[in-house]
Amino acid sequence: MIQRVAIIGLGTMGPGMAARLARGGMDVVAYDIAPAAIERARPMLAAADGVLDNLGIETKGTGSVRLTSELQDAVAGADLVIENVPEKEDIKADVYRNIEGMISAETIVASDTSGIPITRLQAHISKPARMVGMHWSNPPHIIPMIEVIGGEQTAPETIATIRDFIRSLGLLPVLLKKDVPGFVENRVLYALLREVVDLVERGVIEPEDIDTCVSWGIGYKLAVVGPMALLDMAGMDIYHSVSSFLNKDLCDRKDVAPLVTRQMADGKLGIKSGEGVYAYPPEKIAQLQPERAKKLVAIRRILEGKD
Ligand SMILES: NC(=O)c1ccc[n+]([C@@H]2O[C@H](COP(=O)([O-])OP(=O)(O)OC[C@H]3O[C@@H](n4cnc5c(N)ncnc54)[C@H](O)[C@@H]3O)[C@@H](O)[C@H]2O)c1
């Protein structure tokens, strides 16, 4: 049974995850190598708690979050360690090596990697049977779906334990049968992003219009009807005839689109640099996150039949 969870890395993902796990009754101890990240995590935890209240997620048992600046303190006695450090294999490998002697043989080590194959990460840990991919979606306290990925050496029991654990929290585990790069959520997202960037680049549509098209067209619908169910809704005959000519015309580039490399070269990275596809003056940035969280909460409550 999982009761004590260690979170390593308190950047974008860690605090929301910690708050959600505590709400599910877990004793969470969270660590970051950077003292500033630990300080930033405090208001993020409080904000995530407020959002969880709005979502109507009830508190199970007596969960809590404790922040620590000592790795040993975070992982000692943990049933589950969730590694949440930057998406760089060497940084993750260092963490696995460092915790080796601090955890028990039974402790499950999960990585929130967005797409590094778990089979590769397993090379950096002894007892690789206990390593598993646990890919949360951002913001982790709002999006209920979590991908579960086994590597070549992951034990079936490890996968089953994590799947059941996610279910016990009232969240939605999605099991991958193969350890493919990018897993499934990001493969689907990146297929979409490749096409929208290409359409903008070819001058077919303006960014604002494609955002309206996707959010209010397929996006809005997909929240209710998944893509495989959508095939049935449209009819396999329709998909067969349209895809027979359209697939040939869809973007299939293997490199990064020039639009993206140009933006990179110009330092237009998006919200973090104040400008990307759109402009983000400081007052807009301050509004954006709470506004988006509010809408995601409202949609989720409706989809769960709470409103
Ligand atoms: N941001 C997303 O939307 C998102 C979504 C799903 C999964 N992920 C994945 O989650 C992981 C973390 O992503 P993020 O966006 O939270 O990253 P981030 O860069 O925002 O935060 C990473 C944190 O790890 C800390 N850190 C670095 N080295 C460390 C070490 N050795 N020990 C402890 N802490 C260390 C950093 O100080 C930082 O606070 C990545 O693998 C990423 O791919 C991210």
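Residues numbered from 1 in each chain as written. Predicted model: local features only at pLDDT ≥ 70, side-chain atom pairs only at ≥ 80, totals over all residues. Heavy atoms only, no water.

- Recorded in UniProt under Sequence similarities (unreviewed entry), the annotation for the chain is "Belongs to the 3-hydroxyacyl-CoA dehydrogenase family." (UniProt positions renumbered as here; feature names shortened; annotations may be inferred.)

**A look at the site of the ligand**
Here's step 1: Close to the ligand lie 24 residues; Thr12, Asp32, Glu87, Lys92 and Ser114 are nearest.
Here's step 2: In the model, an oxygen atom of the ligand is placed 2.6 Å from a nitrogen or oxygen of the Asp32 side chain.
Here's step 3: In the complex, the protein chains occlude 77% of the 830 Å² of accessible area that the ligand would expose alone.
Here's step 4: Sort the elements by how many residues they give to the shell around the ligand and helix 4 (residues 89-99) lands first, with three residues. (Near = heavy atom within 4 Å. Polar contact = N/O pair within 3.5 Å; in protein donor to acceptor, adjacent residues only side chain to side chain. Areas by Shrake-Rupley, 256 points an atom, 1.4 Å probe, with all protein chains shown as cover. Helix = DSSP H or I, 4+ residues; strand = E, 2+ residues; numbered from the N terminus.)

**Quick word on unusual backbone geometry**
Here's step 1: A cis geometry characterises the amide bond from Asn138 onward to Pro139, with omega recorded as 0°.
Here's step 2: In the Ramachandran plot, Phe183 falls in the positive-phi region, its phi being about 55° despite a non-glycine side chain.

**Describing the sheet that holds strand 6 (residues 131-135)**
Here's step 1: Here we have eight strands laid out as an open sheet, ordered 3-2-1-4-5-6-7-8, and mixed in their pairing. Two strands lie at the open edges of the sheet, namely strand 3 (64-68) and strand 8 (172-175), each paired on one side alone. Each adjacent strand pair in this sheet contributes to an overall mean axis angle of 25°, direction not counted.
Here's step 2: Relative to strand 8, strand 7 (residues 145-150) runs parallel, the two sharing four bridges. Within strand 8, the position partnered with Met145 by the bridge is Leu172. (Pairing = 2+ DSSP bridges. Axes fitted to C-alpha atoms, helices over the stretch in contact; angles between N-to-C directions.)

**Section: the side chain of Ser137**
Here's step 1: Along the polypeptide, Ser137 turns up in the loop between strand 6 and strand 7.
Here's step 2: Owing to a relative accessible area of 10%, Ser137 belongs among the buried residues under this scheme.
Here's step 3: Here Glu185 takes part through its side chain, which lies 2.7 Å from a polar atom of the side chain of Ser137.
Here's step 4: Once you skip the residues sitting within four places of it in the chain, Ser137 turns out to touch Met13, Ile143, Met145 and Glu185. (Buried < 20%, exposed > 50% of the residue type's maximum accessible area, 1.4 Å probe, protein only. Contact = heavy atoms within 4.5 Å.)

**What about the environment of Leu175?**
Here's step 1: You can see Leu175 is positioned in strand 8.
Here's step 2: You can call Leu175 partly exposed: its relative accessible area is 42%.
Here's step 3: Taking the C-alpha atoms as reference, Leu175 lies 37 Å from Glu206; in sequence the two are 31 residues apart.
Here's step 4: Beyond its immediate chain neighbours, meaning those up to four positions away, Leu175 contacts Val148, Ile159 and Arg163.

**Re the UniProt feature "site: Important for catalytic activity" (unreviewed entry) in the chain**
Here's step 1: UniProt records the feature "site: Important for catalytic activity" (unreviewed entry) for His135 in the present numbering.
Here's step 2: Looking at where His135 falls in the secondary structure, it is placed in strand 6.
Here's step 3: Relative accessible area serves as the criterion here: at 4%, His135 is assigned to the buried category.
Here's step 4: Each residue touching His135, except ones within four places of it in the same chain, is listed here: Ser111, Asp112, Thr113, Ser114, Met145, Ile146, Glu147, Ile149, Phe183, Glu185 and Asn186.

**A word on the pattern of salt bridges**
Here's step 1: The final tally for this structure, using the stated rule, is 16 salt bridges.
Here's step 2: Its salt-bridge partner being Arg163, residue Asp164 comes within 3.2 Å of it at the nearest N-O pair.
Here's step 3: Since its relative accessible area comes to 37%, Asp164 is described here as partly exposed.
Here's step 4: When the shortest N-O distance is used, the salt bridge between Arg167 and Asp164 registers 3.9 Å. Linking Arg167 with Asp164, this pair stays in helix 6 (residues 156-168), spanning three residues, or about one helical turn.
Here's step 5: The structure contains a network of salt bridges with shared partners spanning Arg23, Asp49 and Asp53. (Salt bridge = Lys/Arg side-chain N within 4 Å of Asp/Glu carboxyl O.)

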